[in-house]
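Chain by chain, the residues:
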Amino acid sequence: MCGIIGYIGNREAAPLMIEGLKKLEYRGYDSAGFCTVSNNQTLIQKDVGKIQEVEKKINLNNLNGNIGISHCRWSTHGGVTKENAHPHTDCKNMISIVHNGIIENFSELKEKLMEKGHTFKSSTDTEVVAHLIEDNYNGSIEEATRIALRQIEGSYALGIVCAKEPQKLIAARNESPLILGIGKEENFIASDVPAILKHTNRVIYLENKEIAILTKNSFEVKNIDGISLNKKINNIDWDSELAEKSGYDHFMLKEIHEQPRAITETLNGRIKDGKVSIKEELNFSDEELENINRIIIIACGTSWHSALAGEFMLEELAKIPVEVEYASEFRYRHPIINNNTLIIAISQSGETADTLAAIREAKRNDAKVLSIVNAKGSSIDRESDSVLYTYAGPEIGVASTKAFTTQLVVLYLFTLFMANLKRSLDYGKISELLGKLRKLPLQMEALLSEENRIKKIAEIYKDKTNSLFLGRGVNFPIALEGALKLKEVSYLHAEGYPAAEMKHGPIALIDKNMPVVFIATKDDYTYKKVLGNIYEVKARNGIVIAIATEGDEEVSKLADYAIYIPKTLYILSSILTAVPLQLLAYYVALDRGLDPDKPRNLSKSVVVE
Ligand code: AGP
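Bear in mind the structure is a predicted one, so any value in this text is a computation, not a measurement. (Residues numbered from 1 in each chain as written. Predicted model: local features only at pLDDT ≥ 70, side-chain atom pairs only at ≥ 80, totals over all residues. Heavy atoms only, no water.)

Draft legend 1. Up close: the packing of helix α7 (residues 259-267) against helix α13 (residues 402-421). Two elements in contact, α7 and α13, have axes whose closest approach is 9 Å; the angle formed by their N-to-C orientations is 30 degrees. If you check the angle between α7 and α13, you find them roughly parallel. Considering only the axes of α7 and α13, their crossing is right-handed. Judged by residue contacts, Gln259, Arg261, Ala262, Ile263, Thr266 and Leu267 of α7 engage Lys402, Thr405, Thr406, Val409, Val410 and Leu413 from α13. Split by residue class, the contact of α7 with α13 holds six nonpolar, four polar and two charged. (Axes fitted to C-alpha atoms, helices over the stretch in contact; angles between N-to-C directions. Helix = DSSP H or I, 4+ residues; strand = E, 2+ residues; numbered from the N terminus. Parallel < 35°, antiparallel > 145°, perpendicular 65-115°, else oblique. Left-handed = near helix turned anticlockwise from the far one by under 90°. Contact = heavy atoms within 4.5 Å. Nonpolar A, V, L, I, M, F, W, Y, C, P; charged D, E, K, R; others polar.)

Draft legend 2. A look at a negative patch on the surface. On the surface, Glu104, Glu108, Glu111, Glu115 and Glu153 cluster together into a patch of negative charge. Relative to the helices and strands, Glu108 resides in helix α3 (residues 106-115). (Patch = residues over 30% accessible without salt bridge, like charges linked within 9 Å, V, L, I, M, F, W, Y side chains within 5 Å. Areas by Shrake-Rupley, 256 points an atom, 1.4 Å probe, with all protein chains shown as cover. Salt bridge = Lys/Arg side-chain N within 4 Å of Asp/Glu carboxyl O. Lys, Arg positive; Asp, Glu negative; His and termini not counted. Charge placed at Lys NZ, Arg CZ, Asp CG, Glu CD.)

Draft legend 3. Structural view of the nonpolar core. Ranked by internal contacts, the top residues of the largest apolar core, which has 93 residues, are Ile295, Ile344, Tyr412, Phe414, Leu437 and Tyr461. Per-element tally for this core: the top contributor is helix α19 (residues 570-591), with 15 residues. Of the domains in this structure, domain 2 (250-438) and domain 3 (448-609) are the two that each give at least three residues to this core. In this structure, Leu437 is in contact with Leu267, Ile271, Val409, Tyr412, Leu413 and Leu572, ignoring residues within four places of it in sequence. In terms of nonpolar packing, the next biggest core, distinct from the first, is built from 32 residues, Ile5, Phe34, Ile51 and Phe188 among them. (Core = buried A, V, L, I, M, F, W, Y, C linked by side-chain atoms within 4.5 Å. Buried < 20%, exposed > 50% of the residue type's maximum accessible area, 1.4 Å probe, protein only. Domains from an automatic or database assignment.)

Draft legend 4. Summary view of the pattern of salt bridges. Going through the model one piece at a time under the given rule, you end up with 34 salt bridges. A salt bridge links Lys456 to Glu459; the shortest N-O distance between them is 3.2 Å. Judged by its relative accessible area of 54%, Lys456 is exposed. Residue class for Glu459 comes out partly exposed when judged on its relative accessible area of 35%. Residues Glu488 and Lys485 are paired through a salt bridge, measuring 3.5 Å at the closest nitrogen-oxygen approach.

Draft legend 5. Fine view of the site of the ligand. Taken together, 13 residues form the shell around the ligand, and within it Ser303, Ser347, Ser349, Thr352 and Glu488 come nearest. Taking Thr302, its main chain carries an N or O atom lying 3.1 Å from an oxygen atom of the ligand. Measuring from an oxygen atom of the ligand, one finds a backbone N or O atom of Ser400 at 2.8 Å. A total of 410 Å² of accessible area belongs to the ligand in isolation, and the protein chains cover 91% of it. Of all the elements in the fold, those that place two or more residues in the shell around the ligand are α9 (301-318) and α16 (476-490). Of all the elements, α9 adds the most residues to the shell around the ligand, at three residues. The residue makeup of the shell around the ligand, split by class, is three nonpolar, eight polar and two charged. (Near = heavy atom within 4 Å. Polar contact = N/O pair within 3.5 Å; in protein donor to acceptor, adjacent residues only side chain to side chain.)

Draft legend 6. Geometry of the sheet that holds strand β24 (residues 493-498). The strand order β24-β23-β25-β26-β27 describes an open sheet built from five strands, whose pairing is parallel. Of all the strands in the sheet, the pair left with one neighbour each is β24 and β27 (561-565). Ignoring strand direction, the axes of neighbouring strands in this sheet form an average angle of 15 degrees. As defined by bridge partners, strand β25 (residues 515-520) adjoins strand β26 (residues 543-549) across six bridges and the pair is classed as parallel. (Pairing = 2+ DSSP bridges.)

Draft legend 7. Focus on the domain arrangement of the protein. Taken domain by domain, the protein holds domain 1 (3-242), domain 2 (250-438) and domain 3 (448-609). The C-alpha-based centres of domain 1 and domain 3 are spaced at 43 Å. Facing nine residues of domain 1, the contacting portion of domain 3 comprises 11 residues. Here domain 1 packs against domain 3, burying approximately 920 Å² in sum over the two surfaces, 61% of which is carbon and sulfur. A per-residue breakdown of the area domain 1 buries against domain 3 is headed by Tyr26, Tyr29 and Trp74, which together make up 54% of the total. For Lys598, the salt bridge is made with Glu25, and the minimal N-O distance between the two is 3.6 Å. For the side of domain 1 that touches domain 3, the per-class residue count stands at five nonpolar, one polar and three charged. (Buried area = accessible area lost by both parts, 1.4 Å probe.)

Draft legend 8. Representation of the environment of Thr390 within the structure. Within the secondary structure, Thr390 is located in the loop between β22 (386-389) and α13. Here the side chain of Thr390 touches Asn374 through a polar contact of 3.1 Å, side chain to side chain.

In structure tokens:
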């Protein structure tokens, strides 16, 4: 995955692009590059490294011009080298392009172009597009792009400039996100909203196989056949402050702390008169909703963990059978579904390729698709039958935090909505359960004030190489999520298990070097059993970190370290227990000298298979 920003207007393009690219760095940070057009010449500067490093290496004086394209890369085809960094150009350096996606038929196109005499400078799939446009150039960059794109198979978000037509910025999209930012005497293209929000909040979402032609005073979007399209301008209501670090050292920490606010906003207007009020957001009739007799939740990564918690909620309270599937597996099976099956797709970015493909597979099979999405206007948002948004605001840190807890909140709301519809719970019970939900933001504030204690506990990981995370019931997915967070940002090996499974294998790993994180909150189900597991770990000299319910003396006597969460309903405890695990991962990463916002090899949204 990569990030793109392009500009056309009256201002110098390069400083704007550097600034915008920094907001897209979560999309890729192995190299970066810029191209401006000045005096009918393309000026290119690019190098390997994070944007801040590349910024130091390039010379802005050699990048003047009021039109430009830029790119931060997360490599797919071709190693991390200066030659492979974008922009890429044609033989004569007349056409310059930046690309996010994968050109699947690039080798055959490259072979044909080489036969025709084109010379290639990189080993990327992208460069082929520049040569293909050059090959079809007959005085119109727009026309040449259209002809070239008809020959391309795969995914792309493209920014294109041409030295011979310095008054035009071209953008095109297929399966990779790209937006247009409409300003006053200036226009932008970008992979994501935060890159341009400081300059404009008027945004057009490009759809697949659409090409945009921008000048400083105009924009036009056409389909691949050159037919002009009427596109809606959306007003983005995010505050650009939200996309900044607001004084925190890292986005991850800022986003962890934003959770009480994110939850409050996700609840806003959705609870009325003791009931869940989301009917207007659902594009399904009462009859369709009442007929749902099976739910399959599809997602990847952290969103898959929230799906597992959702399964617990929906079965326990709404009494609807639920299955949870990795989107990547679901899409290649032949799932047995019908129009009484509801597919719930969960995605922060709304762009995860496997989740999107799974949605398409489900729709082909007549299922109804409800998505839980954070990024409005994303592909999953647009392709789903109904969408319930998480109002977490832009999540920039690669490790998902506030998106996760707000997903759990939406799943809980949907569960109680369905419980009312299916009459599995009465009005009094639902209103009591919603009352507890409303308390969560304040309880989370209190929990976040324990940060220093968690920071101290993180120090025990300094010389450790492994960790186990154990939980049961609705907290089993949180154990998985705790382990994933630690892996992602600290590169420590960590595994999540249902606590009872410990005896079936993982117990062999326990010795004095193994920190074991137990989610041991009080409940009427398995609390005592989890205590038994803690004894077993202690008997083998393991280090026990327990996430427990406030006032639980028994756990504090047993565990080496305990972190307390405020009392809440068992089913809601998962939303609180996730928080100390996020902080633990964050501080372990810092202790190991790592940047939690830019974990190696990872990118924020996985838009390729
Ligand atoms: C979370 O910390 C990860 N970076 C990753 O697992 C992520 O949750 C996954 O790629 C799914 O992304 P999505 O929610 O944007 O679809």
